[in-house]
Amino acid sequence: MFYSLLGRTVWFGLKLFLRRKYGQTYVPKSLLAGATVAVAVGVGVAVLRARSDES
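Definitions and cut-offs
Residues numbered from 1 in each chain as written. Predicted model: local features only at pLDDT ≥ 70, side-chain atom pairs only at ≥ 80, totals over all residues. Heavy atoms only, no water. Helix = DSSP H or I, 4+ residues; strand = E, 2+ residues; numbered from the N terminus. Rg over C-alpha atoms; globule rule 2.2 N^0.38 Å. Buried < 20%, exposed > 50% of the residue type's maximum accessible area, 1.4 Å probe, protein only. Areas by Shrake-Rupley, 256 points an atom, 1.4 Å probe, with all protein chains shown as cover. Expected span 1.5 Å × (residues − 1). Phe/Tyr/Trp six-rings, centres within 6.5 Å; stacked < 30°, edge-to-face > 60°. Polar contact = N/O pair within 3.5 Å; in protein donor to acceptor, adjacent residues only side chain to side chain.

Draft legend 1. Summary view of the overall build of the protein chain. A tally of regular secondary structure across the protein chain gives two helices and zero strands. Against the globule reference of 10 Å for 55 residues, the protein chain gives a C-alpha radius of gyration of 20 Å, more extended than a compact globule. Its C-alpha atoms give the protein chain principal-axis dimensions of roughly 65 × 25 × 10 Å. Every one of the 55 residues in the protein chain was classed for burial, and the buried ones make up 0%. For the protein chain, the accessible surface area stands at approximately 5100 Å², while carbon and sulfur atoms represent 70% of it.

Here it is as structure tokens:
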């Protein structure tokens with residue numbers, strides 16, 4: 001019982017700490033921006049490959 005309470009306390013404390021530090025996403029804004037750019041580049045490459053296959 002004690003370890004369950006301790007684990008929940010640590011879990012909710014860590015969630016609160018991360019939300020205060022980074023906001024609702026739990027990740028730094030620079031990492032989020034980098035991931036967005038990477039996805040956009042990937043979609044762009046896929047579209048270019050699809051168009052080049054059509055010709």
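Structure's up, so let's keep going.
Draft legend 2. Region of the structure containing helix H1 (residues 2–22). Here H1 spans 30 Å end to end across 21 residues, near enough to the 30 Å set by a 1.5 Å rise per residue. The first or second residue beyond H1 is Gly-23, which carries a positive phi of 95°.

Draft legend 3. Spatial organisation of the packing of aromatic side chains. Taken as a whole, this structure holds one aromatic pair when the rule is applied. Seen in terms of ring centroids, Phe-2 and Tyr-3 are 5.7 Å apart; in terms of plane orientation they differ by 65°. Their pairing is edge-to-face. No difference in accessibility class separates Phe-2 from Tyr-3, as the two residues are exposed.

Draft legend 4. Structural context of the environment of Ser-52. Of note, Ser-52 is situated in helix H2 (residues 29–54). Looking at Ser-52, its side chain comes within polar contact range of the main-chain oxygen of Arg-49, at 2.9 Å.

Draft legend 5. Molecular detail of H2. Along its 26 residues, H2 runs 38 Å from first to last C-alpha, staying within 8% of the 38 Å computed at 1.5 Å per residue. Among the 26 residues of H2, zero are classified as buried, and the element is accordingly described as predominantly exposed.

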